[in-house]
Protein chains: 2
Amino acid sequence: MNRVGTQKKILDAAELLFSESGYYSTSLREITAKAGVNVAAVNYHFGSKEALLDNVLERRLAPLNKLRLQMLDAVCAEAKDRGRRPSVKALMHAFIAPTIGFRDSDAGSKNFVALVGRAISEPSGTVQRSFFKFMEPFITVMIDSLHEALPDLPAELLLLRFHFSVGTLVHILRANNGAGLPEQRCMAGDRAKHKERKKGYEEPKAITTATLVDEAVNFVTAGMEA
Amino acid sequence: MNRVGTQKKILDAAELLFSESGYYSTSLREITAKAGVNVAAVNYHFGSKEALLDNVLERRLAPLNKLRLQMLDAVCAEAKDRGRRPSVKALMHAFIAPTIGFRDSDAGSKNFVALVGRAISEPSGTVQRSFFKFMEPFITVMIDSLHEALPDLPAELLLLRFHFSVGTLVHILRANNGAGLPEQRCMAGDRAKHKERKKGYEEPKAITTATLVDEAVNFVTAGMEA
DNA sequence: CTTTAATTCAAACATCTGTTTCAATCGTAC
DNA sequence: GTACGATTGAAACAGATGTTTGAATTAAAG
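Since this is a predicted model, take the numbers as computed values, not measurements. (Residues numbered from 1 in each chain as written. Chains lettered and ligands numbered in written order. Predicted model: local features only at pLDDT ≥ 70, side-chain atom pairs only at ≥ 80, totals over all residues. Heavy atoms only, no water.)

Some thoughts on the overall build of chain A
- Secondary structure summary: chain A contains ten helices and zero strands in total.
- The N-to-C order of helical and strand elements in chain A reads α-α-α-α-α-α-α-α-α-α.
- By element, 52% of the accessible surface of chain A is carried by carbon and sulfur atoms, the whole surface being about 9900 Å². (Helix = DSSP H or I, 4+ residues; strand = E, 2+ residues; numbered from the N terminus. Areas by Shrake-Rupley, 256 points an atom, 1.4 Å probe, with all protein chains shown as cover.)

Some thoughts on the environment of Thr-221 of chain A
All names here are of chain A.
- Tracing the backbone shows Thr-221 in helix H10 (residues 209–224).
- C-alpha of Thr-221 to C-alpha of His-93: the two residues are 128 residues apart in sequence and 9.0 Å apart in space.
- If sequence neighbours within four positions are ignored, Thr-221 has contacts with Val-88, Lys-89 and Met-92.
- Of note is the side chain of Thr-221, whose polar atom sits 2.6 Å from the backbone oxygen of Val-217. (Contact = heavy atoms within 4.5 Å. Polar contact = N/O pair within 3.5 Å; in protein donor to acceptor, adjacent residues only side chain to side chain.)

Some words on the environment of Ser-27 of chain B
Residue and element names in this part refer to chain B.
- Take Ser-27: it is sitting in the loop between helix H1 (3–21) and helix H2 (28–35).
- Judged by its relative accessible area of 31%, Ser-27 falls in the partly exposed class.
- Sequence separation between Ser-27 and Leu-17 is ten residues, and the spatial gap between their C-alpha atoms is 9.1 Å. (Buried < 20%, exposed > 50% of the residue type's maximum accessible area, 1.4 Å probe, protein only.)

Re the packing of helix H5 (residues 88–101) of chain B against helix H8 (residues 155–175) of chain B
Residue and element names in this part refer to chain B.
- Running from N to C, H5 and H8 cross one another at 15°; their axes reach a closest spacing of 11 Å. Classified by the angle between their axes, H5 and H8 sit roughly parallel to one another. Judged by the twist between their axes, the crossing of H5 over H8 is right-handed. Together, Met-92, Phe-95, Ile-96, Thr-99 and Ile-100 of H5 and Phe-162, Ser-165, Val-166, Leu-169, Ile-172 and Leu-173 of H8 make up the contact between the two elements.
- Among the residues forming the contact of H5 with H8, the class breakdown is nine nonpolar, two polar and no charged. (Axes fitted to C-alpha atoms, helices over the stretch in contact; angles between N-to-C directions. Parallel < 35°, antiparallel > 145°, perpendicular 65-115°, else oblique. Left-handed = near helix turned anticlockwise from the far one by under 90°. Nonpolar A, V, L, I, M, F, W, Y, C, P; charged D, E, K, R; others polar.)

Brief notes about the packing of aromatic side chains
- Inspection of the entire model under this criterion finds 13 aromatic pairs over all chains.
- Here Phe-18 of chain A and Tyr-23 of chain A contribute two aromatic rings whose centre-to-centre distance is 5.4 Å and whose plane-to-plane angle is 55°, an arrangement assigned as tilted. With respect to burial, Phe-18 of chain A and Tyr-23 of chain A carry one shared label: buried.
- Between Phe-95 of chain B and Phe-138 of chain B the ring centres are 5.6 Å apart and the planes differ by 20°, which places this aromatic pair in the stacked class. Residue Phe-95 of chain B is located in helix H5, and its partner Phe-138 of chain B is located in helix H7 (residues 126–149); the two are separated by 43 residues in the primary sequence.
- Note on Phe-95 of chain B: relative accessible area 2%, which makes it buried. (Phe/Tyr/Trp six-rings, centres within 6.5 Å; stacked < 30°, edge-to-face > 60°.)

Spatial relationships are all this shows, so hold off on functional conclusions.
Okay, here's the thing in structure tokens:
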């Protein structure tokens, strides 16, 4: 086993288990067991559990953030060429589409998006610190662009509504865990009961990634411009 | 010390610490230390840590859910009297206003809303199970009412958009932790950098609970009707 | 083949976890 | 005041946690 083999096995196992159970509820022994390596390997290759989390996040977040920034720059550049302001919808698309669509780019990415959704809501400390370290550069540019797109919206309202939008996206990612569809558990129960009461009720159709992205973009765009 | 005194002290301490650090990251010894009682008191009065969480949630969620259902029923009843469908905005107000406004109703409630925001995002298992047990009755009625308000919106889109709305609310509650304002940490850093770059940038004004509720209701209403 | 460094492994480390035990204490009814 | 059930307290429980150790193994270089 060379170095990179063991490291990758640990990263993959940690990514999966963190996304399933969260950072604090996943033990190093579970991770190393699933990876098929010794417990000491984590501290040997990464230094600590927290450093492992950093590496798990960075491996995926670095290319994702690059992609998001590219799309954001493209939107702003195209708007500038036309001498117009960027549209809220295009900005929100650059924010949401790469993030949600990321899960289709790689087998392990599906686990990762759930991990990201969970990271932002995990108790303050380790996870949030690691996460925001990677997110901050993008958010800075995003808010600047939104100010250009909505010059008449007061700063505090713009920040507040963007805050709402982040909440929407995070919730999508979090629920994205298993099937990749918005089948969060409260609704599963509801739907059954609803079905009993209403006649002629049709089971809702499955929702593709493309529809999910479109609907999410429409939802937050309408909210931003409300 | 009589029974209820000790029980209340434990519930208050657990509510605060759970909301700060989450369920899994809070130990019984931290709770009992803050409450000024013996470690054994938790198991004596509640049976287990999980049962303690149930009691923490139930103490606040029972009256809150009652209030939300009352408001929802009032909205639907008034609409029926006028022979009209309930408005999405009124429904969303019944969903959001009591939840956010709850933090002003009691000194400890401020901690509780953050706990609720965190509960829904905590790794599946204990916390989610306890939480949805209390939430389900309300959600069922809510979705039925939304179907009445938006009869032309396909079921899968309605569920999806309500899913988005829940994400927005949860994110608000989660960030609601300290000051009670949407001052999430990523934006604190952004704002500083943004301030440097833009001339004539004005620091955003503080946002009151009433504004927060109004903006949140407008945001999700616009999204639902998009 | 020998040497040398990198890596793996089983075992132990100290610490923390939720829970239990059982004697000491408290409040109350007789 | 005495007896009795409810409550508290200090201590210990068994198990899990992240981390460290030092010898064994592997891979590459001379």
